[in-house]
Amino acid sequence: MSENGSGKIARGRPLEHRNPLSGLPDLRRFGANPDFWYPVAQSRSVRGGQVAATAFAGERMALFRGRSGAVHALEDRCAHRQVPLSMGVVDGETLRCCYHAWAYRGDGRISQIPYLAKGDGRPPRGVRAYPVREAYGLVFVFPGDPEKAAVTPLPEVPDFASPQYRTMTFSRTVRCHYSFMHENLLDMNHQFLHRGVVGKLQPQLLGYRSDQRSVEARYLFTHAGGKRNRSARLLAAEGIGSRTSSDVMTIRTEYPYQTLDLVPENADRPALRLWAVYVPEDAEQRTCHAYGLLMIKRPRIPAALQMAWPFIRHFTERVFAEDRMAVEAEQRAWDEQGEDRNHEVFPLILDVRDVLRANGVPLRPRAAAETSAAACEGRACDDAALRADPGSGHVGAR
């Protein structure tokens, strides 16, 4: 592991599209690596006997909770007429298409076609099923190679169930490439953006380290004046009367997840801990869904946190809204220019871009994807082609 960026990471792979300023491959043309567990819904949004629609990088999925309580994730199309299965009906442990009532098991196989006699021919396979796990109040799917799912651990969120913390869950769509979100959280030099809610904060980078899969930065935050939101003071464990504080914030991108710990001056444990991930929704990965778990340390007087909870929620939503405004503006600029023209000068951000490139996967150009889909139309594509392009909408059960 290299301190302060002294050890350089391999700067991506040769691609046609490069940043004209740095000569490096354009990070915004790299997609999220599917061989990790990604949340695609909150558990409470997938109720018993109901279906929910979601997506990962253009792969539409139908989530349903069967009679046993287990959640299943299927490719969101009926193998018959391609009608979305998310429009279907849960029947025990199967999901029935709303059109002709074809029934699918949780593994994607067809269990019944109601109007066919016993000896009639049936399709050889159903639809793709995704490995599913529930944790931290979220539904995780494994959109990549299913054989890797069993050996790939879920992310660790150690204080989620701790009695010392209360957790606030966030689930918001952001219209930007997921890399902008990693940069936003790691680069704390943007506090001027939040001056209306946090006052004048002075961040000082104490140091950072990076390796092939991660970047970790430590900042010292000093409140140097200006009006500070009461909820911000409570989150920093200042109490009501304190006017100054020095807090140490540690932020880490451990691909593909991010964490943040805020430790107030003289405290032995973080006042707040954040776990976050940004799940691409569309095939071009210009929109992502941000899932976050914000764990707030309970004060000595438990009722104080209960009373302040709505205000803390309002404060965090306001900060997130300002960040979203900025990253969506960055995405619009990229769209208008057709390339990355960033003049980035912060070594920390240059390193996290290296990590995202090295662990991400190059996005297929839209024209190539459309040509591939058109070639499959009207004929059967072989299994190898299906596995090479799992987002094409022609994938069978695996």
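Residues numbered from 1 in each chain as written. Predicted model: local features only at pLDDT ≥ 70, side-chain atom pairs only at ≥ 80, totals over all residues. Heavy atoms only, no water.

Novice: Tell me about the packing of helix 2 (residues 178-186) against helix 6 (residues 347-359), residues and numbers included.
Specialist: Look at helix 2 against helix 6: their axes get within 10 Å of each other, and the N-to-C directions meet at 145 degrees. The way helix 2 lies across helix 6 gives a crossing that is right-handed. Each of Tyr178, Ser179, His182, Glu183 and Leu186 in helix 2 lies in contact with helix 6, whose residues at this interface are Leu348, Ile349, Val352, Arg353 and Leu356. Here the contact of helix 2 with helix 6 is built from residues that sort into 6 nonpolar, 2 polar and 2 charged. (Axes fitted to C-alpha atoms, helices over the stretch in contact; angles between N-to-C directions. Helix = DSSP H or I, 4+ residues; strand = E, 2+ residues; numbered from the N terminus. Left-handed = near helix turned anticlockwise from the far one by under 90°. Contact = heavy atoms within 4.5 Å. Nonpolar A, V, L, I, M, F, W, Y, C, P; charged D, E, K, R; others polar.)

Novice: Just give me the short version of the pairing of strand 13 (residues 138-141), but keep the residues and values in it.
Specialist: Alternating positions in strand 13 separate into two faces, Leu138 and Phe140 on one and Val139 and Val141 on the other, with burial throughout. As paired strands, strand 12 (residues 132-135) and strand 13 are joined by 4 bridges and run antiparallel to one another. From the neighbouring strand, Arg133 faces strand 13, where its bridge partner is Phe140. (Buried < 20%, exposed > 50% of the residue type's maximum accessible area, 1.4 Å probe, protein only. Pairing = 2+ DSSP bridges.)

Novice: Describe in detail unusual backbone geometry, supporting the description with residues and values.
Specialist: A negative phi angle characterises most non-glycine residues, just as the trans form characterises most peptide bonds. The amide bond that connects Tyr255 to the next residue, Pro256, takes the cis arrangement and shows omega of 5 degrees. By the secondary structure assignment, Pro256 is in the loop between strand 17 (246-254) and strand 18 (257-263). Non-glycine residue Gln82 carries a positive phi angle of around 70 degrees. Tracing the backbone through its elements, the reader meets Gln82 in the loop between strand 6 (71-75) and strand 7 (89-91). Here Gln82 falls in the partly exposed class, since its relative accessible area comes to 38%.

Novice: Can you explain the environment of Pro264? Please cite residues and give values.
Specialist: Inspection of the secondary structure puts Pro264 in the loop between strand 18 and strand 19 (272-280). By relative accessible area, which is 9% here, Pro264 ends up buried.

Novice: For the sheet that holds strand 12, give the residues involved together with the corresponding values.
Specialist: Note: strands within a sheet are paired through backbone hydrogen bonds, in either parallel or antiparallel orientation. If you walk across this open sheet you meet the 3 strands as 3-13-12, and the pairing is antiparallel. Each edge of the open sheet carries a strand with a single partner, namely strand 3 (38-42) and strand 12. Each strand axis lies, on average, 35 degrees off the axis of its neighbour in the sheet, ignoring direction.

Novice: Please provide a residue-by-residue account of the side chain of Arg65, values included.
Specialist: Tracing the backbone through its elements, the reader meets Arg65 in strand 5 (residues 59-65). The contacts of Arg65, once residues within four sequence positions are left out, are Ser43, Val46, Arg47, Gly48, Gly49, Gln50, Ala70, Val71, Val90 and Glu134.

Novice: Outline the state of the cysteines, listing residues and values.
Specialist: The tally for this structure, following the rule as stated, stands at 0 disulfides. Left unpaired, Cys97 is separated from the closest cysteine sulfur, that of Cys78, by 3.9 Å. For Cys97, a relative accessible area of 5% gives the class buried. Cys288 provides the cysteine sulfur closest to Cys176, a residue in no disulfide bond, and the two sulfurs are 4.4 Å apart. (Disulfide = S-S within 2.5 Å.)

Novice: Before we move on, could you go through the packing of aromatic side chains and cite the residues and values that matter?
Specialist: Following the criterion strictly, the structure yields 8 aromatic pairs and no others. An angle of 75 degrees between the planes, with centres 6.4 Å apart, marks the rings of Tyr136 and Phe140 as edge-to-face. You'll find Tyr136 and Phe140 in the same group, each marked buried. Judged by centre distance (5.6 Å) and plane angle (35 degrees), the ring pair of Tyr257 and Trp275 falls under tilted. In this pair, Tyr257 is assigned in strand 18 and Trp275 in strand 19, connecting sequence segments 18 residues apart. Accessibility assignment for this pair places Tyr257 and Trp275 in one class, buried. An aromatic cluster is present here, built from Tyr136, Phe140, Phe160, Tyr257 and Trp275 joined pairwise through their rings. Lying across the ring of Phe180, Arg28 places its NZ or CZ 3.9 Å from the centre. Taking the ring centre of Trp309 as reference, the NZ or CZ of Arg166 above it sits at 3.9 Å. (Phe/Tyr/Trp six-rings, centres within 6.5 Å; stacked < 30°, edge-to-face > 60°. Lys NZ or Arg CZ within 6 Å of the ring centre and 35° of its normal.)

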